[in-house]
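Close look at the chain arrangement
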Amino acid sequence: RPRGKRKRKGVESAVAWIKCDKCDLWRFFEPPISQEAVSAREDWDCSTMQELDGTARECGQASKVDEFMTRWTEMAGEDAGYYVELEAITFTVYELFWSVSSLGGYASVRRWKDVGNDMMFRKLNRGVKTAPGKNYGMLKNQWERWQLSAMEEADP
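The model shown is predicted, which means the values in this text are computed figures rather than measured ones.

A few words now on the layout of surface pockets. Empty space within the largest pocket amounts to approximately 190 Å³. Around the largest pocket, the lining comprises 14 residues; the ones closest to its centre are Phe28, Thr55, Arg57, Ser63 and Asp66. Contributing elements (two or more residues each) for the lining of the largest pocket: strand 2 (26-34) and helix 3 (64-76). Among the elements that make up the lining of the largest pocket, the one with the highest residue count is strand 2 (4 residues). When its residues are assigned to classes, the lining of the largest pocket shows 5 nonpolar, 3 polar and 6 charged.

What follows is the structure, given as structure tokens:
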């Protein structure tokens, strides 16, 4: 089951996952939703989740993000974190995965700065800063911590 499942009142945290009561799909929210907003309702379905983030969802139809995050959470475990920061910008595990994939996969990456550039262009339409001392190698370390090579090998 995905991490951060729906929590009840009295628990202080943000919620990244909510399960649809109609179709049983887990939905990933990025950024996470406040516990107060989630606890305001007892029952959630894909259409009522739009109240939380404005995203239209159709019952029984998982988005690419929902599919990726569900598969990755099953592989990496429920305690894995979802985020990494690059130049004070927060990126999710799927943004790192898709950027590496777009560059030909892990084996094809020669410079992790290229991955950082791809991530920045996708999110902010700009490249990374070129100042010396930027540690783009931490993206490689995060890739390994998140066990994304196993996801890459299992990707259909």
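Residue pairs spaced three or four apart in an α-helix point in one direction, given the helix's 3.6 residues per turn. Turning to helix 6 (residues 137-145), its buried residues number three or more, namely Met138, Leu139, Gln142 and Trp143. For helix 6, the arc enclosing every buried residue in end-on projection is 150°, short of the 170-degree limit, so these residues lie on one face. One or two positions beyond helix 6, positive phi appears at Gln147, with a value near 55°.

This paragraph deals with the packing of aromatic side chains. Under the definition given, this model contains 13 aromatic pairs. Plain terms: the ring middles of Tyr106 and Trp112 are 6.0 Å apart, the flat faces sit at 55° to each other, and that makes the pair tilted. Trp112 gets classed as buried once you look at its relative accessible area, which sits at 11%. With a centroid separation of 6.5 Å and 55° between ring planes, the pair formed by Trp112 and Trp143 is classed as tilted. Residue Trp112 is located in helix 5 (residues 112-124), and its partner Trp143 is located in helix 6; the two are separated by 31 residues in the primary sequence. For the cation-ring pair, Lys123 lies above Phe91, with the distance from its terminal atom to the ring centre recorded as 4.9 Å.

What follows concerns the pairing of strand 4 (residues 89-92). One ladder, built from 4 bridges, connects strand 3 (residues 83-86) with strand 4; its direction is antiparallel. By the bridge assignment, Val84 is partnered in strand 4 with Phe91. The turn linking strand 3 back onto strand 4 is made up of 2 residues, and Glu87 within it adopts a positive phi angle of 55°.

Right, let's talk about the pattern of salt bridges for a bit. Taken as a whole and judged by the stated rule, the model has 8 salt bridges. Arg57 is the partner of Asp53 in a salt bridge, and the nearest nitrogen-oxygen pair spans 2.6 Å. Residue class for Arg57 comes out buried when judged on its relative accessible area of 14%.

Under the criterion given, the structure shown has 0 disulfides. Free of any disulfide, Cys59 has its nearest cysteine sulfur in Cys20, 3.6 Å distant.

Here strand 1 (residues 14-19) pairs with strand 2 via 5 bridges, running antiparallel. Among the inter-strand pairings, Ile18 is bridged to a residue of strand 2, identified as Arg27. In this antiparallel pair of consecutive strands, strand 1 and strand 2, the connection spans 6 residues, and Asp24 shows a positive phi of 65°.

Turning to the environment of Arg126, a few remarks are in order. Mapped onto the elements, Arg126 comes out in the loop between helix 5 and helix 6. Relative accessible area serves as the criterion here: at 28%, Arg126 is assigned to the partly exposed category. Of note is the side chain of Arg126, whose polar atom sits 3.4 Å from the side chain of Glu87.

Its 13 residues give helix 3 an end-to-end C-alpha distance of 18 Å, which sits within 8% of 18 Å, the value for a rise of 1.5 Å per residue. Among the residues of helix 3, those classed as buried are Asp66, Phe68, Met69, Trp72, Thr73 and Ala76. Buried residues of helix 3, viewed axially, fall in a sector of 165°; they line one side. Looking at helix 3, the residues exposed on the side facing more than 90 degrees away from the buried face are Lys64 and Glu74. Residues of helix 3 that are buried make contact with strand 1, strand 2, helix 4 (93-102) and helix 7 (148-154). Two residues or fewer after helix 3 comes Gly77, characterised by a positive phi angle close to 100°.

Here is what the cut-offs are and how they apply
Residues numbered from 1 in each chain as written. Predicted model: local features only at pLDDT ≥ 70, side-chain atom pairs only at ≥ 80, totals over all residues. Heavy atoms only, no water. 1 Å grid on protein atoms, 1.4 Å probe; cavity = no way out; pocket = protein on both sides within 12 Å on 5 of 7 lines; lining within 4 Å. Points joined across faces, edges and corners; volume = space filled by probe spheres on them. Helix = DSSP H or I, 4+ residues; strand = E, 2+ residues; numbered from the N terminus. Nonpolar A, V, L, I, M, F, W, Y, C, P; charged D, E, K, R; others polar. Buried < 20%, exposed > 50% of the residue type's maximum accessible area, 1.4 Å probe, protein only. Arc of directions from axis to C-beta. Phe/Tyr/Trp six-rings, centres within 6.5 Å; stacked < 30°, edge-to-face > 60°. Lys NZ or Arg CZ within 6 Å of the ring centre and 35° of its normal. Pairing = 2+ DSSP bridges. Salt bridge = Lys/Arg side-chain N within 4 Å of Asp/Glu carboxyl O. Disulfide = S-S within 2.5 Å. Polar contact = N/O pair within 3.5 Å; in protein donor to acceptor, adjacent residues only side chain to side chain. Expected span 1.5 Å × (residues − 1). Contact = heavy atoms within 4.5 Å.

That is the geometry; function is a separate question.
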